[in-house]
Structure formats: C-alpha cells, structure tokens
Amino acid sequence: MFVYGGDDFLVDRRARALYDSHCPNGEIFQYNPKTDLNTFINNIAESLRTIPLFSPTNNIWIRGINLSTISDAQQSAFSTLLNILQKTDKDNIIIISASPIDKRKKIFKEFSQLFNGQEVSDINEKTTYSFIDDVCASNNVKISHDAADAIQNLIGQNTRLLKLELDKLATYIHGDHTTITLDDVNTMIEATDDGDFFQQIEQFYSSDINETFNTLERYFYFNHEARPLLAGLQNRTRLMVQLRALVDAKLLPTNGAITANQLQNISQKMYCDNQAKSTYNIFSQNPWYLSKLLPTVHRYSLPQLEKLQVAIMDAIAESTEKYDDQLTVIKQLAYKFATYCITR
C-alpha cells in the first residue's frame, strides 16, 4: 500500500489508519532527512529477512519518505529499496507513506506502479471547515461558525496545528459545555500563542531581524517543512493587501474595531455581496480577526505588501527546489519583510 500527497500530516494520518487496521504490530521505519538513506534501507532489508516472532508475516510501515527533491544518489537508493520490496514475500504487508512528492519523478512512478496507490488530497479553504468538524466530532464536541472562522483565519490550512489547537479546545470545554465558541478560541489561543506557531508568523512582520532569525532557528529545530509557515504568511499578507487598500481609501478605520456592518455595507454598495469564505475575499472574514491585523497593516505601505506577496510566492517555489536548505530560503524572505517594514 502506497499512501502519498502534499500534506504530510494528512498522509501520515491515512497511513496510520491503514497500519492500525492491517498490521498494528508491524515494525515502523520513520524516515528522517538527516539519516543516511542507505543505512535506512539496509535496516528495512534486515527486518524483512528476519523471521517474525509474533506474526506469520513480516509487516512494516515505511513512514514519511520524501519523493520530491531527490538527488541521483537518493534515486539509486530508492531503486534499491524497490528491488528489495519486489522480492519480499507477497504475504507481507508493506505500507509506504510519502510526502512531499513530485509526480514527474521516475521513482514516484515506479512506486505507484508497484503498489496500490492512495492519493491524499490537501485541504483548501472550503474543505478546512469539514476538517475542523471532523476533528471536533472525534473529540465529541461541536464548534460554532464564528469559532471555526476565527481558527481558520489564525491557522489557515495547517492541518497539524489545526488538530493540535482543536484537541486543546475540546479538553478546555470538557464538562462545561459541548460547543466550542469564539470566546473559547479567544481565551485559549490568545493565552497560549507565545512561542507557538502564531508567534513565528507574527515575528515576520516585526523589524527585529535577529529575533526573527532566532525564531526560525527554533522552528526548524523541531520541523523539516517550511510549507506551514509560508501558507500562513501568504494567507495573512493576502488579507493585509486588501485591508490596507480599504484603509487608504478611508473605507475602514485606521484603528479600533472593525464591525460586521462596516464590511457588509462596503461589500454591498461598492463591490459585491459574495460571502464565499476565502482569504481572497476580505468581506467574508471575521471582523475580530481583521481588527487584530490593523496595527500590523500600518507597518507596510500597499506597494510593499504587494512586493511581499510576490516574495512569498518566490519562496514557495524555491523551498521546493531547495528542500534540504529551506531555512536559508525562509531567512532570505524574513530579511525582505524587515527591509520593507516602514515602522521601525
């Protein structure tokens, strides 16, 4: 079984479900980019040669391999792994989970041909709400529309962090009420974002480049992927571009609270009444969250925010090409954020 996709958390969750249902006692081989790939493969081969003690078959889960940015040496090593897996007993249960992936790569096509492939789609702004509802249901709680809006605005499509924060909120309301409210989100996420993902996003919009670099060093000590940071930055900056344009046009206040009535009036009278939830549509956003963005918006002019959007898109492309050096790519982006900041 070959499980693959762009979101490592969703891929891992699907593979975990297969592992629990088909071979809960199988050996797990967790891939780490810092581990020598040949050693990793040799350990798998050794396990498949060993006579199992508690099962009639050798069952393994090869977890979290990267089939996106692959050197010639890695291509050769993965080909060796494929040869080993082809020769193993057909009764053995083999689960392979891969993220990120590049469907153009020869090695990806070879894995797909050899195994029954299951692609796990990334979530988007529409399906994020279904994901939020699923996580809440697994915790036997519900969530209000305003609370779901606030969480989606704060976290975006970072599935790992969404799951973490929703689990935390479910524990917080346990025994008190059964529906997560906006007040719960404000209380818990506001109280716990120091040193967390939100601080890492916020830090980009400060002018303290040294502290931003320190924050990034801490982030990459525990994480291998820049994608969650880049997605969060892209969503927030996209909203800030729209917010700055409306503030400059004196359609929204320069400070204080933005109200739902203000957004609705501007949308209906001057633009459109399309309330489809999207960071492309500022009028569909939670007024509370937009009010929180106002102080940050004033640190950048509209042209500078537009330049930052382009810089983020460039960083997304470059981080895919330089998968093993993503920290350098993100540091270069952070420097642009500090350079463009007009409030020092």
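Residues numbered from 1 in each chain as written. Predicted model: local features only at pLDDT ≥ 70, side-chain atom pairs only at ≥ 80, totals over all residues. Heavy atoms only, no water.

S.K.: I'd like a description of the overall build of the chain, backed by residues and values.
M.R.: In terms of helices and strands, the chain carries 15 helices and 7 strands. In terms of principal-axis extent, the alpha carbons of the chain reach across some 70 × 45 × 35 Å. The 344 residues of the chain split such that 49% are buried. Looking at the chain alone, contacts between residues at least 24 apart form 75% of all its contacts between residues at least 6 apart. For the chain, the exposed surface amounts to about 17200 Å²; the carbon and sulfur share of it is 50%. Distance from the positive charge centre (33 side chains) to the negative charge centre (41 side chains) of the chain: 4 Å. (Helix = DSSP H or I, 4+ residues; strand = E, 2+ residues; numbered from the N terminus. Buried < 20%, exposed > 50% of the residue type's maximum accessible area, 1.4 Å probe, protein only. Contact = heavy atoms within 4.5 Å. Areas by Shrake-Rupley, 256 points an atom, 1.4 Å probe, with all protein chains shown as cover. Lys, Arg positive; Asp, Glu negative; His and termini not counted. Charge placed at Lys NZ, Arg CZ, Asp CG, Glu CD.)

S.K.: Break down the packing of aromatic side chains for me, citing the residues and quoting the values.
M.R.: This structure, assessed with the given rule, holds 10 aromatic pairs. Aromatic ring contacts, followed pair by pair, group F2, Y4, F78, F108, F111 and F115 into a single cluster. (Phe/Tyr/Trp six-rings, centres within 6.5 Å; stacked < 30°, edge-to-face > 60°.)

S.K.: Before we move on, could you go through the pattern of salt bridges and cite the residues and values that matter?
M.R.: One pass over the structure, following the stated rule, counts 12 salt bridges. A salt bridge links D102 to R104, with the shortest nitrogen-to-oxygen separation between them at 2.9 Å. The exposure class assigned to R104 is exposed, which follows from its relative accessible area of 69%. Among the ionic pairs, K106 bridges to E110, the shortest N-O distance being 3.9 Å. Separated by 4 residues within a single helix, K106 and E110 lie in helix α4 (residues 106-114), roughly one turn from each other. For E110, a relative accessible area of 24% translates into the label partly exposed. (Salt bridge = Lys/Arg side-chain N within 4 Å of Asp/Glu carboxyl O.)

S.K.: Explain unusual backbone geometry to me, using residue names and the numbers behind them.
M.R.: Cis geometry marks the peptide bond from S99 to P100; its omega dihedral reads 0°. Secondary-structure assignment places P100 in strand β4 (residues 94-101). The phi torsion at N140 lies on the positive side, around 60°, for a residue other than glycine. Mapped onto the elements of the fold, N140 is located in the loop between α5 (127-138) and β6 (142-143). Although it is not a glycine, K250 sits at a positive phi angle of roughly 60°.

S.K.: Outline the nonpolar core, supporting the account with residue identities and numerical values.
M.R.: Judged by nonpolar contacts, the single largest core of 75 residues is most densely connected at I143, I151, I180, V185, F204, L333 and F337. With 9 residues, helix α11 (residues 227-248) is the single largest residue contributor to this core. Among all residues touching I143, those that are not within four sequence positions of it are I132, D133, C136, A148, I151, L166, T179 and I180. Membership of the second largest hydrophobic core comes to 27 residues, among which are I41, I70, I94 and I101. (Core = buried A, V, L, I, M, F, W, Y, C linked by side-chain atoms within 4.5 Å.)

S.K.: Explain helix α13 (residues 287-297) to me, and be specific about the residues and the numbers.
M.R.: Among the 11 residues that make up α13, 8 are buried, leaving the element largely enclosed by the rest of the structure. Among the residues of α13, P287, Y289, L290, S291, L293, L294, T296 and V297 are the ones counted as buried. The N-capping residue of α13, defined by a side-chain oxygen 2.9 Å from the backbone nitrogen of W288, is N286. (Polar contact = N/O pair within 3.5 Å; in protein donor to acceptor, adjacent residues only side chain to side chain.)

S.K.: Go over helix α7 (residues 159-173) with me, naming the residues and quoting the values.
M.R.: Helix length check: α7 (15 residues) gives 21 Å between terminal C-alpha atoms against 21 Å at 1.5 Å per residue, within 8%. Along α7, the residues classified as buried are T159, L161, L162, E165, L166, L169, A170 and I173. Angularly, the buried residues of α7 cover 165° about the axis, an arc narrow enough to put them on a single face. After α7 finishes, the residue G175 shows a positive phi value of roughly 85°. (Expected span 1.5 Å × (residues − 1). Arc of directions from axis to C-beta.)

S.K.: I'd like to hear about the packing of helix α2 (residues 37-49) against helix α3 (residues 72-87), residue by residue, with values.
M.R.: Helix-helix packing: each pair is described by the crossing angle between the helix axes and the interaxial distance. At a minimum axis distance of 10 Å, the contact between α2 and α3 shows a crossing angle of 5°. In terms of axis orientation, α2 runs roughly parallel to α3. Mapping the contact onto sequence places L37, N38, I41, I44, A45 and L48 in α2 and Q74, A77, F78, L81, I84 and L85 in α3. Within the contact of α2 with α3, the residues separate by chemical class into 10 nonpolar, 2 polar and no charged. (Axes fitted to C-alpha atoms, helices over the stretch in contact; angles between N-to-C directions. Parallel < 35°, antiparallel > 145°, perpendicular 65-115°, else oblique. Nonpolar A, V, L, I, M, F, W, Y, C, P; charged D, E, K, R; others polar.)

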